[in-house]
Structures are given as structure tokens and as C-alpha cells.
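Observations on chain architecture
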Amino acid sequence: MARTQALMLEIATGDARPISRQIVDGVRMKVATGELALGKQLPSVRGLAQQLGINPNTVAKAYAELTAEGWLESRQGLGLFVAPPRQRLSRAERDKRLDEAVSRFVHDVVALDLPADEVLARLDLELQACAPKKTA
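Residues numbered from 1 in each chain as written. Predicted model: local features only at pLDDT ≥ 70, side-chain atom pairs only at ≥ 80, totals over all residues. Heavy atoms only, no water.

Here helix α2 (residues 45–52) crosses helix α3 (residues 56–68) at 120°, and the two axes come no closer than 8 Å. Of the possible angle classes, the one that applies to α2 and α3 is oblique. Judged by the twist between their axes, the crossing of α2 over α3 is right-handed. Judged by residue contacts, V45, L48 and A49 of α2 engage P56, V59, A60 and Y63 from α3. Taken together, the residues of the contact of α2 with α3 sort by class into seven nonpolar, no polar and no charged. (Axes fitted to C-alpha atoms, helices over the stretch in contact; angles between N-to-C directions. Helix = DSSP H or I, 4+ residues; strand = E, 2+ residues; numbered from the N terminus. Parallel < 35°, antiparallel > 145°, perpendicular 65-115°, else oblique. Left-handed = near helix turned anticlockwise from the far one by under 90°. Contact = heavy atoms within 4.5 Å. Nonpolar A, V, L, I, M, F, W, Y, C, P; charged D, E, K, R; others polar.)

Below, the discussion takes up a nonpolar patch on the surface. Judged by side-chain polarity, L98, V102, F105, V106, V110, L120, L123 and L127 come together as a nonpolar surface patch covering roughly 720 Å² of accessible area. Put simply, the parts of the chain that give the nonpolar patch at least two residues each are α4 (91–110) and α5 (116–129). Ranked by the residues each element gives to the nonpolar patch, the list is headed by α4, at five residues. Position of L127 relative to the elements: it lies in helix α5. The exposure class of L127 is exposed, given its relative accessible area of 55%. (Patch = residues over 30% accessible without salt bridge, like charges linked within 9 Å, V, L, I, M, F, W, Y side chains within 5 Å. Areas by Shrake-Rupley, 256 points an atom, 1.4 Å probe, with all protein chains shown as cover. Salt bridge = Lys/Arg side-chain N within 4 Å of Asp/Glu carboxyl O. Buried < 20%, exposed > 50% of the residue type's maximum accessible area, 1.4 Å probe, protein only.)

Bridge analysis of strand β1 (residues 72–75) against strand β2 (residues 79–82) gives four bridges, and the strand direction is antiparallel. Bridged to E73 within β2 is F81. Between β1 and the antiparallel strand that follows it, β2, lie three residues; G77 among them carries a positive phi value of about 80°. (Pairing = 2+ DSSP bridges.)

The set of residues buried in α2 consists of L48, A49 and L52. For α2, the buried positions fall inside an angular range of 100° around the axis, keeping them on one side. Counted as exposed and oriented over 90 degrees from the buried face of α2: R46 and Q50. Backbone geometry just after α2 places G53 at a positive phi near 70°. (Arc of directions from axis to C-beta.)

Encoded structure:
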């Protein structure tokens, strides 16, 4: 049986988010950008915990959340895989989360006293960098 590759996630001990949230956010980003392709197998709970040097229960919690949200699917006896894309959140929930994220962003950026056009240009570059990668 082929071994799964390491899941290159960055966990920051100084981050205000819990480690399980950092894992969830990292996997979501990798799936959304196409870095983790449909059907790709993820490391086992124990494997990722060893890779990151964290408690396996933390990984199990993150994997459970990702599975419940439809990002991952469990295949009996085989492990966890990237699930086929589907609409994971209702339009209302997506709007609510976007409003919250924009509000946090604005509150963080306003103190930097930068021109709005510069902020928008940088934001546009970041969004372009995160756009799903096209496969031939």
C-alpha cells in the first residue's frame, strides 16, 4: 500500500487560534486552492500528530470537523480523503462569515493608516494567489 505524503501545515504556538483550528483552516485553504486535490489521501491521525508534534486527539478533533463540514470523507479501512466539492455552507452562513472576516480585517488594517487603494491592491494580489490552481 502506498504511503501518504506529509501534509505540510504550519502550526504557530503564538497564534491565538487553537491548534485544531489552525489544522482546520490549513486543510480548508489547501483544498480550496487545489493544493490538496480531490481524492487525495490525508495522513492518519497518528501520522499527522507525529509530524506536527501534537496530541493525536487534537488532530482527530480537526479531522472530525472537516469531515462533518464535507471537506473530507472517510473510507472504511482506508482513511480520510479530500471529498468531492459541494456547497458546504448556506448563502446566509457564507454572507455572515464574510461580514465577520471583513470586519476583523478592517479593524486590523485601519490602524496601519494606509491608503485604501494600496490595501485593496494588496488584498487583490493575495486573493489571486489563493485562486484554485487549474489542472490540465
